[in-house]
Amino acid sequence: MLGYYLKLAWLSLARTPAITALMIGAIALGIGATTTTLTVYHRMSANPIPARSSVLHAVTIDSWSPDRPADDENPADPPPQLTYRDALAVAAGAPAARTVIMRKTAMTVDPGAGRAPFLIEARLATRDFFPMFAVPFAYGGGWDAAADRGGEPVVVLSRETNERLFGGENSVGRSVRIDGREFRVSGVLADWQPTPKFYDLNNGAYDTAEDAFLPFALGAALELQPAGNVNCWKPETLAGLRDLLGSECVWIQLWADLPTAADVERYQAWLDGYVAEQKRLGRFARPSNNRLYDVEAWLRHNEVVGQDSRMLLAVAFAFLAVCILNVVGLLLSRFLGSAGASAVRRALGASRGELFRQHLVEVGLVGAIAGLGGLVLGWAGLKAVEQLYSSYDRLTQLDLTMVLAAIGLAVLAGVLAGLYPAWRICRVQPAAYLKTQ
Amino acid sequence: MDIRPILSALLRNRTGAVLVGVQVAITLAVIANAFFVIAKRLELVHRPSGNDSANLIFVQSEGYGPEYQHVATMRADLALLRALPGVVAAAPSSSVPESDGGSSSGYLTSPDPKAPVTNANVMEVDPAFLDAYGLKLVAGRKFRPEEYVAEPANNDLPPLVMISESMAKRLYGDAPAVGRPVYDNGGKQGTIIGVVSDMLGSWPRNVRPGPYDIVYHATGGLGRSWRYVVRARLGERDRLIPEIEKRLNEIGNGRAVTWVRPHDFWLLRTFRPDRRMIVFLTTLVVMMTSVTALGIVGLATFHVNARRKQIGTRRALGARRADIVHYFLIENGLLSLAGIVTGALLAWAASGWLASAFQTPPLPAGYVGLAALALLVLGQLAVLWPARRAGAIEPAVATRTL
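The following refers to the structure shown. Just so we're clear, the structure is a prediction, and the values are computed from it rather than from any experiment. (Residues numbered from 1 in each chain as written. Chains lettered and ligands numbered in written order. Predicted model: local features only at pLDDT ≥ 70, side-chain atom pairs only at ≥ 80, totals over all residues. Heavy atoms only, no water.)

### Section: the overall build of chain B
(1) Moving on: Counting its secondary structure elements, chain B contains twelve helices and eleven strands.
(2) Moving on: Dimensions of chain B along its principal axes, counting C-alpha atoms only, are 105 × 50 × 35 Å.
(3) Moving on: When the accessible surface of chain B is split by element, carbon and sulfur atoms take 59% of a total near 17,700 Å².
(4) Moving on: Side-chain charges in chain B split into 43 positive and 31 negative, and the spacing between the mean points of these groups amounts to 15 Å. (Helix = DSSP H or I, 4+ residues; strand = E, 2+ residues; numbered from the N terminus. Areas by Shrake-Rupley, 256 points an atom, 1.4 Å probe, with all protein chains shown as cover. Lys, Arg positive; Asp, Glu negative; His and termini not counted. Charge placed at Lys NZ, Arg CZ, Asp CG, Glu CD.)

This is the structure we're talking about:
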C-alpha cells in the first residue's frame, strides 16, 4: 500500500510543481536557518571538559574595595580573579585534591639561526594544570614539584609552537631561548583547544590556548609582566611587578579539584575562615562573599553563550514557525483543491484512515526532501557565516548531533505542517463533491 | 466599497486567513525587534572614530634581551618613524583606540576619596599625539616636549594632563576645564592643561568609561613592550606597513617588532560581532518577509480559484475589473491589519522578554510602526498579482459551468 501511496503522492506533487517547490523551499529554508544558528549555539554552549566539569571549581573571594563592588552591573559578585598573595595563601592552605594558580604573560622566543624573534602568549601555572584540565601530551610531560617551588627554566610547548620551532619533532630535552634565557623543553602538547576557553575567560571565551606553559614561580623570579586582565581598586603606587605582587590588584586565576559535595563544603568553610582571619588583619572590608563554581556554573556565570546567539536562535525558530504555517496553508489549499479525487476514493470504499494515511505519506515525502534540502542549506549557511566569526571556526562545523537534530526538526516540521490538512481532507463529505462532477 | 461582505467571506473560510494572519503577526513581532537591533548596531559600527583612522598604522615593539634599552630604543624608533617619507606624524601610544584593550582609571574633581569617581580611558602619549592621531586642540595648550617623562618612576597621576571634550563635560559640565584640577582616588592632584577633540577610546561599546572619555598622560610606560601610532599621508599607508616593519627591525638590540598593522585590523575585529548580527538579522528578516509574502500570494490564489464562479457572476452583474481587484486588496488589508494588531502585542511581549533577558532598552513604538507599514505595503504588493488574475476572470465563466 505504501508504494501505491508514494505513487499517488508523487503524481499529486508533480501536478503542481510550483506549489510543491514552494512548500519544499519554505521548510528547507526554515530548517537551514535553524540548523545554522543552532549549530553555532550548540558549539558555544558545549561543555569543554565533560569528564571533569563537575569536579573542577573556579575559586573567587571578594577582596574588593569597601566603597563599591567589583562589578557595578552585578554588585553581588566577587571579582573574577584573585590577588597574588591570596592566591598563594589559598593554594597552600585550602584542602583540595589538587590546586592550580596561574596567569598569562607575553614572552619573546628567539629561534636563532637567523630567524626573526617572535612573541608568544605564555601561561604561568603550577604543575597540576596539566592533569587537572586533562591536557593531552604528544611528547614528554609537565614539570615536577621542585620546578614549581624553584621556578626552574622548563617549558611545555603547544603543538603549533613546537611545529614552528622544531618542525613538529620530539623536542623534549632540547633548549629554547625565551626572553634571552635558555629553557629546557619538558613536554609538547597534542592538539588542545578547549572551546570555550573555560580555565581563563578574562580575555574572551573563544580566546586561543597559550603557545607555551611555564612554572608559575618563574613569573615573580623573572618579573614577567601580566598579559591578561589586571584590575585594581586601591590607590597604590605600582612601579613594577614587585609592587603588583604585593598589591590588592586581582590578576591570578585559581582552580581546585573538589570531587565530592563534602570536599566543596570543606573548601568553602576554609575560604570563609581565611577571609574572617584576613578581616581581623584589616583586609577584606566587604561582606564575606566567597564562591566556588564548577565548570558549567562558571560558563553560565560568565555568560559565555552570548546574547546575540540566543537572540538569533529565537529569531530562527520564529522563522521556522512562519515557514511551517505557510506550508500548512499551502497543503490545505492543495488538498482541498483536489478534494474531488478524494471524494471519489471515499465513494469507492476508501476509509477515512486510509485517506489520512495517504495524505500523510505525501506530507512525509515533502518533509523528507525538505529536510535534505535544509541540511544542505544549513551546511551552506555555516560556510557563509564562517567568515563572520574570527579564528574559532570550530563553532561553525556541522557535527553528527546537528545533522540528526536537523533531520528530526524536518520530520517534526513536516508532521506539524501536514497533520491538520490531512485531517481536514479526510473529513470532507464525498457527496458534496460528487454532485458537481 | 463596503467591507462587510468581504469580512463575512473571510469569516466563512477562517483557517487559511488565520494561518496568514498568524504569519503576519509573528513576522511583525520579529522584524520590529530586528529593525531595532540592526539600527543600534549600525549606529555603533558607523560611530565617528574622531581620528584619522583610515591613515593610521600601529606598531608594537617588545624588548626581551638583557641588552635591551627601553628609552633609547623608543627615541631611536620615533626618530626613524618621523623621518620616513610618507609619514605625517608619529607618537608613542599605550593602547590602540577601538581595540577593546587598554587601561582605565578613576578621576575625581575633589581630593575627598568619597567624591564621585569618573572613569576614563588612560592613554600614555608624547606631545606629538595630536598630529599623530589627527586631533584638534579645543582649549588650553598642548604638552611641551620637556613635560614628557619617558621613564616614569611609577604609575601615579602625573602633574599635567590633557583630556577629551567628553571627559571635560563629564568632570566640569559646560564650565571651562582648562586650569582646573583632577585627582586620583589616592588624593594625588593633576592639572588639566588642554582639551582635545573627541576620539573613540579603547572600548567603543562601554558605558563606564564612556566611549569618548579619555585622559592623556605625557608619560612613557613602565614595561618593555610599547606601541606607536603612525599617521600616513593619504594613499601611503599600505606601502609604509612592510617598510616600517623592515626598518624598525634593523635598529634596536634585544627587541622584536611584534606587529605593524593598519587601524582597520582592530575595527574589523572589534565590530565583527555587530557586523555579524547585522548580516544574520537582515538575512532572516528578508527570508521571513519573503516567506510571509508567498503565504499571502498562496492564500489569495486559493481564494481566487475557489471563487471563480462567484467572481464571474459579479462581473456578469456589472462589477468592473477594478472592483474585483479592490475586493482582494481590501481583503488582504483587513487580514494584514488583524495580523499587525496581534503582532504589535507580540512585539511588545518579545521586547519585554529581550529587555528582561538581555537588559536591552525597550522597543520604541516607531519600530513597530515601521515594521507594520512595511508589512502592509508588502501584503498589498503580494496580493496584487492574484488580484489582477481575479480581475481578468471573464463574466462568461458565470454561465459556462452552471
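### Focus: the pairing of strand β1 (residues 56-61) of chain A
Residues and elements named next belong to chain A.
(1) Moving on: In terms of burial, β1 is a largely internal element, six of the six residues being buried.
(2) Moving on: Burial of β1 is two-sided: the residues Leu56, Ala58 and Thr60 facing one way and the residues His57, Val59 and Ile61 facing the other way are all buried.
(3) Moving on: Two elements, β1 and strand β9 (residues 253-257), share three bridges in a ladder whose sense is antiparallel. Each bridged residue has a counterpart across the sheet, and for alanine 58 the counterpart in β9 is tryptophan 255.
(4) Moving on: Where β1 meets strand β10 (residues 290-294), five bridges bridge the pair, whose relative direction is antiparallel. Bridge pairing in β10 links histidine 57 to aspartate 294. (Buried < 20%, exposed > 50% of the residue type's maximum accessible area, 1.4 Å probe, protein only. Pairing = 2+ DSSP bridges.)

### Overview of the sheet that holds strand β2 (residues 87-92) of chain B
Residues and elements named next belong to chain B.
(1) Moving on: Pairing in this open sheet of four strands is antiparallel, and the strands run β2-β10-β1-β11 from one edge to the other. Since the sheet does not close on itself, it has two edges, and those belong to β2 and β11 (255-262), each with one partner. Averaged over all pairs of adjacent strands, the angle between their axes in this sheet comes to 20°, without regard to strand direction.
(2) Moving on: As judged from the five bridges shared by β2 and strand β10 (residues 225-232), these two strands associate in the antiparallel manner. Bridging across to β10, alanine 89 finds its partner in arginine 231.
(3) Moving on: Running at roughly 165° to β2, helix α3 (residues 70-83) makes contact with β1 (56-63), β2, β10 and β11 of the sheet.
(4) Moving on: Contacting β1, β2, β10 and β11, helix α6 (residues 237-250) crosses the sheet at an angle of about 175° to β11. (Axes fitted to C-alpha atoms, helices over the stretch in contact; angles between N-to-C directions. Contact = heavy atoms within 4.5 Å.)

### Examining the interface of chain A and chain B
Interfaces are frequently sized by the accessible area removed from exposure as the parts join.
(1) Moving on: On the chain B side, the residues contacting the 49 residues of chain A number 44 residues.
(2) Moving on: Regarding the contact of chain A and chain B, the summed buried area is about 4,200 Å², with carbon and sulfur atoms giving 70% of it.
(3) Moving on: Linking chain A with chain B are one salt bridge, by the criterion used here.
(4) Moving on: Counting only elements with at least two residues in the side of chain A that touches chain B, the list comes to α2 (17-44), β2 (98-110), α11 (307-337) and α14 (400-425) of chain A.
(5) Moving on: With 21 residues, the top contributor of residues to the side of chain A that touches chain B is α11 of chain A.
(6) Moving on: Of the residues belonging to the side of chain A that touches chain B, the class tally is 30 nonpolar, ten polar and nine charged. (Buried area = accessible area lost by both parts, 1.4 Å probe. Salt bridge = Lys/Arg side-chain N within 4 Å of Asp/Glu carboxyl O. Nonpolar A, V, L, I, M, F, W, Y, C, P; charged D, E, K, R; others polar.)

### A few points about the packing of aromatic side chains
Residue and element names in this part refer to chain A.
(1) Moving on: Taken as a whole and assessed by the stated rule, the structure comprises 31 aromatic pairs over all chains.
(2) Moving on: Each ring, one from phenylalanine 198 and one from tyrosine 199, has its centre 5.9 Å from the other, and the planes form 90°; the classification is edge-to-face.
(3) Moving on: Given the relative accessible area of 1%, tyrosine 199 is considered buried.
(4) Moving on: On the basis of an interplanar angle of 80° and a centroid distance of 6.4 Å, the ring pair of tyrosine 274 and phenylalanine 284 is categorised as edge-to-face. Linking tyrosine 274 in helix α9 (residues 261-280) with phenylalanine 284 in the loop between α9 and β10, this pair joins segments that are ten residues apart in sequence.
(5) Moving on: The buried category is assigned to tyrosine 274, whose relative accessible area is 7%. (Phe/Tyr/Trp six-rings, centres within 6.5 Å; stacked < 30°, edge-to-face > 60°.)

### Regarding the pattern of salt bridges
(1) Moving on: Scanning the model with the defined rule gives 39 salt bridges over all chains in all.
(2) Moving on: Residue arginine 159 of chain A is joined to glutamate 160 of chain A by a salt bridge in which the shortest nitrogen-to-oxygen separation is 3.9 Å.
(3) Moving on: Among the residues examined, arginine 159 of chain A registers a relative accessible area of 34% and is labelled partly exposed.
(4) Moving on: Three or more residues are tied together by salt bridges with common partners; here these are Asp308 of chain A together with Arg41, Asp100, Arg205 and Asp274 of chain B.

### Some details on the environment of phenylalanine 36 of chain B
All names here are of chain B.
(1) Moving on: Tracing the chain through its elements places phenylalanine 36 in helix α2 (residues 14-45).
(2) Moving on: Linking phenylalanine 36 and tyrosine 367, residues 331 residues apart in sequence, is a C-alpha distance of 6.4 Å.
(3) Moving on: Ignoring sequence-local partners within four residues, the contact set of phenylalanine 36 consists of Pro361, Pro362, Leu363, Pro364 and Tyr367.

### As for the packing of α2 of chain A against α11 of chain A
Residues and elements named next belong to chain A.
(1) Moving on: The N-to-C vectors of α2 and α11 enclose an angle of 160°; their axes lie 9 Å apart at closest approach. Here α11 runs roughly antiparallel to α2, going by the angle between their axes. As α2 runs across α11, the sense of the crossing is left-handed.
(2) Moving on: Looking at the contact of α2 with α11, its residues break down into 21 nonpolar, five polar and two charged. (Parallel < 35°, antiparallel > 145°, perpendicular 65-115°, else oblique. Left-handed = near helix turned anticlockwise from the far one by under 90°.)

### Focus: α3 of chain B
One turn of the α-helix equals 3.6 residues, which is why residues spaced by three or four share an orientation.
(1) Moving on: Compared with the 20 Å implied by 1.5 Å per residue over 14 residues, the 20 Å span of α3 of chain B between its first and last C-alpha is a close match.
(2) Moving on: In the core, the buried residues of α3 of chain B are packed alongside β1, β2, β10, α6 and β11 of chain B. (Expected span 1.5 Å × (residues − 1).)

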